[in-house]
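Spelled out, the chains give:
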2 protein chains.
Amino acid sequence: MEKKNVKEIAKLAGVSTATISRVINNNPNVKESTRQHVLEIVNKYGFKPDRLAKNLRTKKSYTLLVLIPTVENPYFAEIIRGINEKVYNTKYEVIIGTVEHKRNSMEIFLDLLKTNQIDGAIFVSSSIDKSQLINIKDKKNIVLCNEYIEGMDISYVCINNLLASYEATKKLIESGCKNLCYLAGRKKSISSEKRKLGFQKCLDEYDITSSAEHVIYGPNSIESGYESMKKIHDSNIKFDGILVNSDLKAAGVIQYLKQKDFKIGEDVKLICFDGTFVSEIITPKITTINQPGYIIGQKSLELLVNQLEDSECDFQSIIVEHEIKKGETL
Amino acid sequence: MEKKNVKEIAKLAGVSTATISRVINNNPNVKESTRQHVLEIVNKYGFKPDRLAKNLRTKKSYTLLVLIPTVENPYFAEIIRGINEKVYNTKYEVIIGTVEHKRNSMEIFLDLLKTNQIDGAIFVSSSIDKSQLINIKDKKNIVLCNEYIEGMDISYVCINNLLASYEATKKLIESGCKNLCYLAGRKKSISSEKRKLGFQKCLDEYDITSSAEHVIYGPNSIESGYESMKKIHDSNIKFDGILVNSDLKAAGVIQYLKQKDFKIGEDVKLICFDGTFVSEIITPKITTINQPGYIIGQKSLELLVNQLEDSECDFQSIIVEHEIKKGETL
DNA sequence: CTGAAAGCGCTTACAG
DNA sequence: CTGAAAGCGCTTACAG
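Numbers given to residues run from 1 along each chain, matching the order in which its sequence is written. Chain letters and ligand numbers both follow the written order, the letters beginning at A and the numbers at 1. Given that the model is predicted, a residue must reach a pLDDT of at least 70 before its local features are reported, and side-chain atom pairs must reach 80 or more before they are shown or counted; all residues, however, enter totals for whole chains, interfaces and linings. Excluded from the side-chain calculations are hydrogens and water; all other atoms, namely the structure's heavy atoms, are used.

> Just give me the short version of the protein's contact with DNA strand C, but keep the residues and values in it.
Residues are counted as near a molecule or strand when any one of their heavy atoms sits within 4 Å of it. Within the structure, DNA strand C sits among 27 residues, and Arg 22, Thr 34 and Arg 57 of chain A together with Val 6 and Arg 57 of chain B are positioned closest to it. Close to the protein, within 4 Å, the atoms of DNA strand C are drawn from sugar and phosphate at a rate of 64%. Within 3.5 Å is the distance limit for a polar contact, defined as a pair of N or O atoms, with the added protein rule that one can donate a hydrogen and the other accept it, and that residues adjacent in sequence qualify only through two side-chain atoms. Here a phosphate oxygen of DNA strand C and a backbone polar atom of Val 6 of chain B are 2.6 Å apart. At 2.3 Å, a side-chain N or O of Arg 57 of chain B approaches a base oxygen of DNA strand C. At the level of secondary structure, the elements contributing two or more residues to the surface near DNA strand C comprise helix H2 (17-24) and helix H4 (51-58) of chain A together with helix H2 (17-24) and helix H4 (51-58) of chain B. Looking at side-chain class alone, the surface near DNA strand C contains nine nonpolar, nine polar and nine charged residues. The helix count covers DSSP runs of H or I at least four residues long, the strand count covers runs of E at least two residues long, and both are numbered beginning at the N terminus. In this count, Pro and Cys sit with the nonpolar residues alongside Ala, Val, Leu, Ile, Met, Phe, Trp and Tyr, while Asp, Glu, Lys and Arg are called charged and the others, Gly among them, polar.

Laid out in structure tokens, this is it:
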């Protein structure tokens, strides 16, 4: 059966294309009997209006972009689950983009926006370039997720990174750690920097001096965790407490420590961010700062849709609760 | 700066919209000096043609859908990496869709296709309904990945599941296992069924009888692995060798076995499919049948693009090499 | 309540 | 080599 367009359906139903369009878009100004008749034909031929034409005409795509750094990290899976769950009740559709192998995330977004392919975007843990963001007049079509830029009119959803990091560091210190390290994310990540501040604040309060070497930057991968730990160890830096920026990275750290026969949880205590299944399947189970990705995803989507639908809607920053999930590494 | 359209750019450049279009689309029939001039204006205003209008006009969207069951399983990340890598050199763009929370995968695809939003799709490990597929006249715009349907004109890329499973089972038997179980995927999954056949074929050859209870179906999740293992144990089924349909599921199996103090690798040997980082970070490291997701992704994309571009191109089935990666569970 | 007609922003035969 | 004009498939004021 060939694909039909409005014109053909209109002819088949013996009405104008305007009427078909009205019925399809639930315009109330249609006689009930006409509506029924049209619906019959529409269903009979399985007619679906061409989205391209529709979007072109209405200047809305009802498509949102979710940009994640990589699909490799299960933490993003939780966020996407939350987003998918909520988007289901809206008129919008979501497409997922990954930044790996591509040019700058901001460019992808701007291109898609310029060419009218999307109405808005959620940037998940994306290292946003502040300078690029400034050029966008209206930031109502963006929501940042896990990241934020202060002093700018832009909405975001995340945990209180500074506090979470402070609390975790405190736990390490109170359980006896004296030599602490923080395995940070990339330097550009504002969340990671906030966590560094919380870490340092706590060290200051307890009068523990940490030299610059105790913070090591790197991507949130297993390999990077392994390498960072090796680097610390090879440099003969003393350590008995480690704060790690992600589950995945912590997995690499544990790999290294086990290989070198450290007694994890005793000689070395460890706590990390995220709280995905990775922290649970590893032996020993990792004590982790759970970020409720599912909720973060849901809230991000709600926020974005509200901003797109309601021009009065103001920028919001939503802080969701984190929680320390006890494992065997602390 | 307001968004400009061809008409405005044409006026600015002092040429017709046709010429702008020709320059943008690299049509050779443009005087070099005109081209240069137009390009200058185009770049000056950062003009990008509206994709909706372009696609509507050309009846091509140059967008491909990659449908995965869930973003939770890192194995799919590898496939997506492969796809992304290859798509970069083509005119196409890829959007990722997940089936969780949604109606039937086939419907999503058909809808997007009907409404001209995509040109084709790669179904990754999707449980395709054969009956629905039959209704599609031309299956050139589909490539199956990890799954396949036999006796139908449709391309696919996967490992030799029967053989891989046979080999793994053989390894279990040759290392002394006498009571074997297979923790299968969903019943609808043809790959999983092929693996079952390989498993059974091997048991037959070694004259080991396996009753129906030794194959347990369930989704590829940690929870399902844990529950299946518990079920087997609770039923007092004897087992000393387990073949598992995925890394993630094996993680759950190991969780259960450790909890019950089995000596994994000794009392119980285990081998699973996939070969993601999950099999490496778990203690003990899992012996796994590595499926080269990255390559599978690359090949799938190449195949799909070839089929879309070249109407002469015939259906193909590509079998990629698997490899058993030794861990500590066998 | 309904239809004729314009127009969204492109591309592409067609004519020159 | 270039432009005027048609048309992709919709939706939506406008008129009745």
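> Please provide a residue-by-residue account of the domain arrangement of chain A, values included.
Residue and element names in this part refer to chain A. Here the limits of each domain have been adopted from an automatic or database domain assignment. In terms of domain boundaries, chain A breaks down into domain 1 (6-49), domain 2 (58-159 + 293-321) and domain 3 (161-290). Between the C-alpha centres of domain 2 and domain 3 the distance comes to 29 Å. Here, two residues are considered to be in contact whenever any of their heavy atoms come within 4.5 Å of each other. On the side of domain 3, 15 residues touch domain 2, which itself brings 13 residues to the contact. What gets called buried area is simply the loss in accessible area from a 1.4 Å probe that two parts show on being joined, summed for both. The junction of domain 2 with domain 3 conceals about 1200 Å² of combined surface from both sides, 52% of it contributed by carbon and sulfur atoms.

> Which residues make up the protein's contact with DNA strand D, and what are the values?
Taken together, 26 residues lie near DNA strand D, and Val 6 and Arg 57 of chain A together with Arg 22, Thr 34 and Arg 57 of chain B sit nearest. Counting only the atoms of DNA strand D within 4 Å of the protein, the fraction contributed by sugar and phosphate is 64%. Within the contact set of DNA strand D, a phosphate oxygen lies 3.0 Å away from a backbone nitrogen or oxygen of Ser 16 of chain B. Between a phosphate oxygen of DNA strand D and a side-chain N or O atom of Thr 19 of chain B, the distance comes to 2.7 Å. Breaking the surface near DNA strand D down by element, the ones donating at least two residues are H2 and H4 of chain A together with H2 and H4 of chain B.

> Please provide a residue-by-residue account of the pattern of salt bridges, values included.
Residue and element names in this part refer to chain B. By definition, a salt bridge exists where a carboxyl oxygen of Asp or Glu is found within 4 Å of a side-chain nitrogen of Lys or Arg. One pass over the full model with this rule turns up 22 salt bridges over all chains. Between Lys 91 and Glu 309 there is a salt bridge, and its shortest N-O distance comes to 3.5 Å. Linking Lys 91 in the loop between helix H5 (74-87) and strand S2 (93-98) with Glu 309 in helix H13 (residues 293-309), this pair joins segments that are 218 residues apart in sequence. According to the relative accessible area criterion, Lys 91 is exposed, its value standing at 52%. Linking Lys 325 and Glu 280 is a salt bridge whose minimum nitrogen-to-oxygen distance equals 3.4 Å. With Lys 325 in strand S12 (residues 323-325) and Glu 280 in helix H12 (residues 278-281), this residue pair connects regions lying 45 residues apart in the sequence. By relative accessible area, Lys 325 is classed as partly exposed at 25%. Among the residues examined, Glu 280 registers a relative accessible area of 36% and is labelled partly exposed. Buried residues are those whose accessible area, probed at 1.4 Å on protein chains only, stays under 20% of the maximum for their type, while exposed residues exceed 50% and partly exposed ones sit between those limits.

> Let's hear about H2 of chain B: which residues, and what values?
All names here are of chain B. Regarding H2, the residues found buried are Thr 19, Ile 20 and Val 23. Looking straight down H2, one finds its buried side chains confined to an arc of 100 degrees; they lie on one side. Where the residues of H2 are buried, they touch helix H1 (6-13) and helix H3 (32-44). Where H2 terminates, the next one or two residues include Asn 26, which has phi positive at roughly 55 degrees. Within this analysis, the arc is defined by the directions that extend from the helix axis to the C-beta atoms.

> Give me the interface of chain B and chain A: which residues, what numbers.
Between chain B and chain A, the contact holds 46 residues from the first and 46 residues from the second. A combined buried area of about 4600 Å² lies between chain B and chain A, and 59% of that area is made up of carbon and sulfur atoms. The interface formed by chain B and chain A includes six salt bridges. Where Lys 59 of chain A meets Asp 50 of chain B, a salt bridge forms, and the shortest distance between an N and an O atom there is 3.7 Å. In terms of residue class, the side of chain B that touches chain A is built from 20 nonpolar, ten polar and 16 charged.

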